[in-house]
Amino acid sequence: MINPNNQEAERAVIGSMLIETHAIRLAMQYINAAMFYHEDHRRYFEAAVRLSEKGIPCDSIIIKSELAESSILRPEDTAALIRCQDSIATAGHVLYYAKIVAARYYERMIIAEARKMAQDPTQQTLDKISELVLAKESLTAPQTFNYAVDLHDFYEKMTSPKAGVVVNTGFEEIDRAWMGMRGGEINTWGASTNMGKSILLLNLMDLAARQKVPCLYVG
């Protein structure tokens, strides 16, 4: 059985780094050297990261020099680096290449943990598999919430007359911060155990029901 890997995506990540130094920083949002299946690509990635940390631009000649200084330069590296650079026309897609590399890595780890599970099933191994599955799924999840932009936009919408408040809670401090409830919203409340979350929710629902708003409580 061949472990999941994508040599073209790995080569494209390295090629992107050789074309644009900033691609290193972008790729590192999703991958590290350990995620590369092919050892040569792992060495090139590590060399590129070292150069980036020193503030040195990255291209095939500079990477070869870095590999030589680290005594890990091989005769085949010259041709391999050229293949990486020639494999793409632009570094603009480096994030997508990095996500493919990361996805194959998580798949390999899931398979490895599943083999452990078959031999010695434990909750720890099951939790690890769940963690890896979630990590892989996160690669295709929507962009995360941007507090600097999205929160500002949220409050602008809430204070707009067009926002159309559906119902107030009746609690002055909550309404001032929350600005009322609106159709289609999902609001999350969190607190430690025995802090009164359920009672607060029931009170909010009672106030809403008194304003002829249909309510459903699921425990």
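That block above? That's the structure.
Let us look at the structure shown here. (Residues numbered from 1 in each chain as written. Predicted model: local features only at pLDDT ≥ 70, side-chain atom pairs only at ≥ 80, totals over all residues. Heavy atoms only, no water.)

### Side note on the nonpolar core
And step 1. Core analysis: the largest hydrophobic core is formed by 40 residues, its most contacted members being Val13, Ile14, Met17, Ala27, Ile31, Phe45 and Ile63.
And step 2. Mapped onto this core, the elements with two or more residues apiece are helix 1 (7–19), helix 2 (22–27), helix 3 (39–53), helix 4 (60–69), helix 5 (77–86), helix 6 (94–119) and helix 7 (123–138).
And step 3. Examining the composition of this core, we find that nine residues originate from one element, helix 6, more than from any other.
And step 4. For Ile63, the residues in contact, after removing those within four places along its chain, are Leu18, Tyr44, Ala47, Ala48, Leu51, Cys58 and Leu81.
And step 5. Core analysis: the next-biggest nonpolar cluster, separate from the first, contains six residues, Ile174, Trp178, Met181 and Ala208 among them. (Core = buried A, V, L, I, M, F, W, Y, C linked by side-chain atoms within 4.5 Å. Buried < 20%, exposed > 50% of the residue type's maximum accessible area, 1.4 Å probe, protein only. Helix = DSSP H or I, 4+ residues; strand = E, 2+ residues; numbered from the N terminus. Contact = heavy atoms within 4.5 Å.)

### Considerations on helix 10 (residues 197–210)
And step 1. Look at helix 10: 20 Å from first C-alpha to last across 14 residues, which is about the 20 Å you get at 1.5 Å a residue.
And step 2. For helix 10, the complete set of buried residues consists of Leu204, Met205 and Ala208. With its buried residues spanning 100 degrees around the axis, helix 10 presents them on a single face. Every exposed residue of helix 10 that faces more than 90 degrees away from the buried side is listed here: Ile199 and Arg210.
And step 3. Here the buried face of helix 10 lies against helix 9 (172–178).
And step 4. Of the residues one or two after helix 10, Lys212 is the one with positive phi, at around 65 degrees. (Expected span 1.5 Å × (residues − 1). Arc of directions from axis to C-beta.)

### A short note on the layout of surface pockets
And step 1. Taken as a whole, the largest pocket holds about 610 Å³ of empty space.
And step 2. For the largest pocket, the lining is made up of 23 residues, of which Trp178, Met181, Leu201, Leu204 and Met205 are closest to its centre.
And step 3. When residues in the lining of the largest pocket are grouped by element, the largest group, six residues, is from helix 10.
And step 4. When the residues that make up the lining of the largest pocket are grouped by side-chain class, the tally is 17 nonpolar, three polar and three charged. (1 Å grid on protein atoms, 1.4 Å probe; cavity = no way out; pocket = protein on both sides within 12 Å on 5 of 7 lines; lining within 4 Å. Points joined across faces, edges and corners; volume = space filled by probe spheres on them. Nonpolar A, V, L, I, M, F, W, Y, C, P; charged D, E, K, R; others polar.)

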